[in-house]
Structure formats: structure tokens, C-alpha cells
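Structural overview for review
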Amino acid sequence: MKLLIVLSLLALGCGSEDPPVVPGGPGSGVGSGPGGGTGGVGGVGGAGGIGGSAGGGGAMGACDNEDDIDAIQNAGDTMRNIARDCRVLGVPGCIEARVTGISTECASCYREGEQCSVFSNCTLSCQLDTCSANCLTCNEECIDTLQECTGIPGDGCV
């Protein structure tokens, strides 16, 4: 069923448009300053680590806070896989429903990152695993934009 939906989306011609700009919102990006630097954070669902959170005087992204990082770590799957599944289901608030404790702002970064993937024609490359080599290569620009929005370095796959 998912494959049928994905193929239907491709038939609609989503790939002819430029990828959307994913706004990071106020305070997006990881900054540095006096007392700055990054702090390490543990694994996401046992599948590696989240890069780190900004320290000191730098600006933070939508997910670079203790509550969202805890929610992401306890999600049970990568956030990008969850966002992909939620896009296919088309259920509003799906990410927030599947990831207990995640903020709406953080969830919107992953939702917008998934939309970027669709507009970049990466749907087929990412349909089974958003962390596959083909998907990561196809989504380089989207992943960069996702990092800016979330404030969490890395592609979330390590």
C-alpha cells in the first residue's frame, strides 16, 4: 500500500519544483561565543549518537533542548524514518503522536525535512530506509537544512 502511495506521489510530478526552504525559526543554528562549544548527547534509539547541543552563548535550533533530545532518544526509530512514515500516512500531528514529548516546533523541522526529500525526488531512494547510502546522498541539501532547523548536527543515522 505504501509503495502505491509513493508511486502515486511520483506520478504527480513533485520533482519539477525546487526544494522548499525550511525555515529554522528564531534562534536556529548552532552558534558559538564566550563559553560556547558543544556538549555530547547519547544515542538515538540505541542507533548511535546525536551530535551535540550548543553550549554557552550560541543560538539553538528548534530541537536543541533537553526535552526534545530526550524525546528523540526514546523515539524507537530514527526521526527521519518516523517523518517519512507520517508523510505517507498523511495524518496531522503524527510525529507528535508517535514521539512522546517532542515539541511542535521540533516535529515541524522533521516534517519539512521530509517534504524537502519529496521535492528533491528522493522518495524512492528513501522508501525503505532514510539512512541508506542512496537516500543520504540524494538528500544532502535537505539534511543540511534539517540540521539548521533542529540545531542538532548530523543526519541522525549514526
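See the structure above.
Note that the structure is a prediction, hence the values are computed from the model and not measured. (Residues numbered from 1 in each chain as written. Predicted model: local features only at pLDDT ≥ 70, side-chain atom pairs only at ≥ 80, totals over all residues. Heavy atoms only, no water.)

Topic: the overall build of the chain
Note the following rule: For the purposes of this entry, the term helix denotes a DSSP run of H or I that reaches at least four residues, the term strand denotes a run of E that reaches at least two, and both are numbered from the N terminus. Each residue's exposure class comes from its accessible area (1.4 Å probe, protein chains only) as a fraction of the maximum for that residue type: buried when under 20%, exposed when over 50%, partly exposed otherwise. For this analysis, residues touch if any pair of their heavy atoms sits within 4.5 Å. What sets the accessible areas is the Shrake-Rupley method with a 1.4 Å probe; for residues, cover comes only from the shown protein chains.
Counting its secondary structure elements, the chain contains 8 helices and 2 strands. In the chain, the succession of α and β elements from N to C terminus is α-β-β-α-α-α-α-α-α-α. By residue count, 37% of the 158 residues in the chain fall in the buried class. Here the analysis covers contacts within the chain between residues at least 6 apart in sequence; of these, 63% occur between residues at least 24 apart. Accessible surface, the chain: about 7900 Å² in total, of which carbon and sulfur atoms supply 55%.

Side note on the nonpolar core
One broad trend across soluble globular proteins is that nonpolar side chains are buried collectively. The following threshold applies: Buried residues of nine kinds, namely Ala, Val, Leu, Ile, Met, Phe, Trp, Tyr and Cys, make up a nonpolar core once their side-chain atoms join them within 4.5 Å.
Core analysis: the largest hydrophobic core is formed by 21 residues, its most contacted members being I72, M79, I82, I95, V99, I102 and Y110. For this core, the secondary-structure elements that each account for two or more residues are α2 (66-73), α3 (79-89), α4 (94-98), α5 (104-119) and α8 (140-150).

Focus: the packing of α5 against α8
Note the following rule: The axes used here are C-alpha line fits, helices contributing only the stretch in contact, and every angle between their N-to-C directions lies in the interval 0 to 180 degrees. Roughly parallel means an angle under 35 degrees; roughly antiparallel means over 145; roughly perpendicular covers 65 to 115; every other angle is labelled oblique. Left-handed describes a crossing whose near helix is turned anticlockwise from the far helix through less than a right angle; right-handed describes the clockwise counterpart. Residue classes follow a fixed rule: Ala, Val, Leu, Ile, Met, Phe, Trp, Tyr, Cys and Pro count as nonpolar, while Asp, Glu, Lys and Arg count as charged, and any other residue, Gly among them, counts as polar.
Viewed as axis vectors pointing N to C, α5 and α8 meet at an angle of 170°, and their least axial separation amounts to 9 Å. Between α5 and α8, the angle falls in the class roughly antiparallel. As α5 runs across α8, the sense of the crossing is right-handed. Residues C109, Y110, G113, C116 and S117 of α5 touch α8, and the partners they reach there are C142, L146, C149 and T150. Taken together, the residues of the contact of α5 with α8 sort by class into 6 nonpolar, 3 polar and no charged.

Things to note about unusual backbone geometry
Located in the positive-phi region is N121, a residue other than glycine, with phi close to 60°. Positionally, N121 belongs in the loop between α5 and α6 (123-126).

With respect to α3
For α3, the buried fraction is high: 10 of the 11 residues fall into the buried class. Residues M79, R80, N81, I82, A83, R84, D85, C86, R87 and V88 constitute the buried set of α3. With its phi angle positive at about 70°, G90 sits one or two positions after the end of α3.

Notes on the pattern of salt bridges
Definition in use: A carboxyl oxygen of Asp or Glu within 4 Å of a side-chain nitrogen of Lys or Arg is what we treat as a salt bridge.
Across all of its chains, the model carries 4 salt bridges by this definition. In this structure, the salt-bridge partner of D85 is R84, at a minimum N-O distance of 2.9 Å. Close ionic contact of D85 with R98 constitutes a salt bridge, the shortest N to O distance being 3.4 Å. Of this pair, D85 sits in helix α3 while R98 is found in helix α4, placing the two residues 13 residues apart along the sequence.

Geometric descriptors of this kind do not, in isolation, establish any biological role.
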